[in-house]
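Here is what each chain is made of, one letter per residue.
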Amino acid sequence: MVFDIYNNKPKMFMFVFLVDTSKHVNQMQMDKVNSLFTQIITELKGAQENSKTCELKIAVMEFSQEAKWKTLPTLIQEYEPELFIADENNVNFDNVLKEVDTAFNRNKFFNYDGKMACPEVFLVTSGKDDGNSKKYVDKLYENGFLHCANRHILLTDS
């Protein structure tokens, strides 16, 4: 890992999880998501303990019809995972994309005066779209933080 030679701060790594809790995710899938998410957090905490030259942060959003941040950027060692609970709402990806676009900026989400790695963004979803999520995609590509992010999609049924 690399230190910022100007202010001796560790390099910051941001992990962002966007988790679908809509009616398209059944209880068995949600149980699997919760179990794997807990394992991921345990591994990230272990990685942080073994590294003194990086700073791991996490942010977590859950979404269905509405998008809600469960956790804004938090040091991984201070984060305690909460279970995700599926609801009976449709999914609206436009609300997710708007919220991510609003949050992904230097002042709100990436306020760090050291070096930053490209964010790791994980979309955990059923992949089903209720047909109302087409308007915001092009606007999102204008966001520099999301544009350079490493983006991953994890499907709940596989």
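In case you missed it, the structure is sitting above this.
For clarity, every value in this text was computed on a predicted model and none was experimentally measured.

Draft legend 1. Expanded view of the nonpolar core. Within the largest apolar cluster, 23 residues are counted, with the highest numbers of intra-cluster contacts made by V16, L18, F63, W69, F104 and F109. Listing elements by their share of this core, those giving two or more residues are strand 1 (11-20), strand 2 (54-63), strand 3 (67-75), helix 2 (93-103), strand 4 (120-125) and helix 4 (144-148). Apart from residues lying up to four places away in sequence, F63 is in contact with L18, V19, D20, T21, S22, V91, F93, V96, L123, V124 and T125.

Draft legend 2. Structural context of helix 2. Within helix 2, eight of the 11 residues are buried, leaving the element largely enclosed by the surrounding structure. By the N-cap criterion, in which a side-chain oxygen at the helix start approaches the backbone nitrogen of a residue two or three places on, helix 2 is capped by N92, the distance to D94 being 3.0 Å.

Draft legend 3. Main features of the pattern of salt bridges. Applying the stated criterion across every chain, the model contains six salt bridges. For E80, the salt bridge is made with K45, and the minimal N-O distance between the two is 3.4 Å. Within this pair, whereas E80 is found in the loop between strand 3 and helix 2, its partner K45 is found in helix 1 (residues 27-49), the two being separated by 35 residues in sequence. Of the charged contacts in the structure, one is a salt bridge between E82 and K70, with a shortest N-O distance of 3.8 Å.

Draft legend 4. Representation of the pairing of strand 4. Of all six residues making up strand 4, six are buried, and the element is well covered by its neighbours. With burial as the criterion, each face of strand 4 is covered, one bearing E120, F122 and V124 and the other bearing V121, L123 and T125. Bridge count for strand 1 against strand 4 is five bridges, and the pairing is parallel. Looking at the pairing, V16 lines up with V121 of strand 4.

Draft legend 5. Fine view of the sheet that holds strand 1. On the basis of which strands lie adjacent, the open sheet formed by five strands has the order 3-2-1-4-5 and mixed pairing. Looking at which strands have only one partner, the edges of the open sheet turn out to be strand 3 and strand 5 (150-155). In this sheet, adjacent strand axes meet at a mean angle of 15° when their direction is disregarded. Packing against the sheet, helix 1 makes contact with strand 1, strand 2 and strand 4, and its axis sits at approximately 165° to strand 2.

Draft legend 6. Fine view of helix 1. Between the first and last C-alpha of helix 1 there are 33 Å, a value that for 23 residues agrees with the 33 Å anticipated at 1.5 Å per step. Looking at helix 1, one finds that the buried residues are Q29, M30, V33, N34, F37, I41, L44, K45 and Q48. Structurally, helix 1 contributes buried residues whose contacts are with strand 1, strand 2 and strand 4. Measuring from the backbone nitrogen of M28 back to the side-chain oxygen at the start of helix 1 gives 3.1 Å, which picks out N26 as the cap.

Draft legend 7. Up close: the pairing of strand 2. The element strand 2 is largely enclosed, with a buried count of 10 among its 10 residues. Side chains C54, L56, I58, V60 and E62 of strand 2 all project onto a buried face; the interleaved residues E55, K57, A59, M61 and F63 project onto the opposite face, where all are buried too. The pairing of strand 1 with strand 2 spans 10 bridges and is parallel. Counterpart to D20 in the pairing with strand 2 is F63. In terms of strand pairing, strand 2 meets strand 3 through six bridges, oriented antiparallel. The partner of K57 across the bridge, within strand 3, is L75. Counted along the chain from strand 2 to the antiparallel partner strand 3, the turn is three residues long.

About the cut-offs
- Residues numbered from 1 in each chain as written.
- Predicted model: local features only at pLDDT ≥ 70, side-chain atom pairs only at ≥ 80, totals over all residues.
- Heavy atoms only, no water.
- Core = buried A, V, L, I, M, F, W, Y, C linked by side-chain atoms within 4.5 Å.
- Buried < 20%, exposed > 50% of the residue type's maximum accessible area, 1.4 Å probe, protein only.
- Helix = DSSP H or I, 4+ residues; strand = E, 2+ residues; numbered from the N terminus.
- Contact = heavy atoms within 4.5 Å.
- Polar contact = N/O pair within 3.5 Å; in protein donor to acceptor, adjacent residues only side chain to side chain.
- Salt bridge = Lys/Arg side-chain N within 4 Å of Asp/Glu carboxyl O.
- Pairing = 2+ DSSP bridges.
- Axes fitted to C-alpha atoms, helices over the stretch in contact; angles between N-to-C directions.
- Expected span 1.5 Å × (residues − 1).

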